[in-house]
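Here's the letter readout for the chains.
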Amino acid sequence: MKESAVVCKNLIKTYGAGSNKVTALRGVDLEVRSGELLMLAGPSGCGKTTLISVIASILNQDSGECKVFGNDLNHMTKPERIAFRAKNIGFVFQSFNLFPTLTIAENVAVPLIIQGIERHIATERGAELIGRMGLGDRVNAYPADLSGGQQQRVAIARAMIHNPRLIVCDEPTSALDGDTGHKIMELVKKVALDQSRALIVVTHDIRIFPFADRIAKMEDGHIIKIVKTLEEFEK
């Protein structure tokens, strides 16, 4: 039996108050196993991004429990949470969140620099990984010089560079055509997954469902079922 990478129990998360109160998560239960790629799919506004933000400790839940590799990040101090995320979690934001004044290689190197690795060594490693993502000729370019799809590859590389045990991706193929999306998912699955690492992918792109080990379907703040195929998902 594989180790549980993430265990969520009865997660509730709300935004606002009074008449403006919105409940984004309504008692979510979820287990993500080490060595698997779990996709989280469902309509816009169903709570997918909120859920992965709670898992990655970017947001705090109102109630319920979320443990990442046995650690309850809500019970950590802020410095402890930051240190834990820096070592154990890679996050690919839908909006990329690249630093405009850093080169592509420098952007990818940021998680290593945060961990104390010398800048030139970190940047060399960033350039190497960018090459594996098919952008070896753009390592000294800046984000503004790249297309949306190329920026997406940089964001994915940055999430993987420090070998985190959990990688969380918010719509990683949203800016990519079908062929490029498949190539990126093939690379992500090959590079990111092993027996001690887990990958959560939020997506609307049913074309990449075959890369998933399991697919969790969300609706209105709930996970309503977990399946293995597109056919089961659409039933």
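Undergrad: Where do I start with the pairing of strand β3 (residues 37-41) in this structure?
TA: Working note: regular strand, side chains alternate between the two faces of the sheet. Summarising burial for β3: five of the five residues are buried, a large majority. Both faces of β3 are covered, namely the face carrying Leu37, Met39 and Ala41 and the face carrying Leu38 and Leu40. The sheet contact formed by β3 and strand β8 (residues 198-202) spans four bridges and is parallel. Across the sheet, the residue bridging to Leu40 is Val202, located in β8.

Undergrad: So what exactly am I meant to see when it comes to the pairing of strand β7 (residues 166-170) here?
TA: Burial analysis of β7 places five of its five residues in the buried class, the great majority of the element. The pairing of strand β6 (residues 89-92) with β7 spans four bridges and is classified as parallel. By the bridge assignment for β7, Val92 is matched with Cys169.

Undergrad: What am I meant to see in unusual backbone geometry here?
TA: Excluding glycine, a negative phi dihedral is what most residues carry, and trans is how most peptide bonds are arranged. Notably, Ser57 is not glycine yet its phi reads approximately 65°, a positive angle. Locating Ser57 in the fold gives a position in the loop between α1 (48-55) and β4 (63-68). In this model, Glu171 sits at a positive phi of 55°, which is unusual for a non-glycine residue. Positionally, Glu171 belongs in the loop between β7 and α6 (178-192). For Glu171, a relative accessible area of 6% translates into the label buried.

Undergrad: How do you make sense of the packing of helix α3 (residues 104-114) against helix α4 (residues 119-132) when you look at a structure like this?
TA: For any two helices packed against each other, one specifies the inter-axial angle together with the distance between the axes. The N-to-C vectors of α3 and α4 enclose an angle of 120°; their axes lie 7 Å apart at closest approach. Classified by the angle their axes make, α3 and α4 are oblique. Here α3 runs over α4; the crossing is right-handed. Residue-level contacts link Ile104, Ala105, Glu106, Val108, Ala109, Leu112 and Ile113 of α3 to Arg119, Ala122, Thr123, Arg125, Gly126, Ala127, Leu129 and Ile130 of α4. Split by residue class, the contact of α3 with α4 holds ten nonpolar, two polar and three charged.

Conventions used here
Residues numbered from 1 in each chain as written. Predicted model: local features only at pLDDT ≥ 70, side-chain atom pairs only at ≥ 80, totals over all residues. Heavy atoms only, no water. Buried < 20%, exposed > 50% of the residue type's maximum accessible area, 1.4 Å probe, protein only. Helix = DSSP H or I, 4+ residues; strand = E, 2+ residues; numbered from the N terminus. Pairing = 2+ DSSP bridges. Axes fitted to C-alpha atoms, helices over the stretch in contact; angles between N-to-C directions. Parallel < 35°, antiparallel > 145°, perpendicular 65-115°, else oblique. Left-handed = near helix turned anticlockwise from the far one by under 90°. Contact = heavy atoms within 4.5 Å. Nonpolar A, V, L, I, M, F, W, Y, C, P; charged D, E, K, R; others polar.

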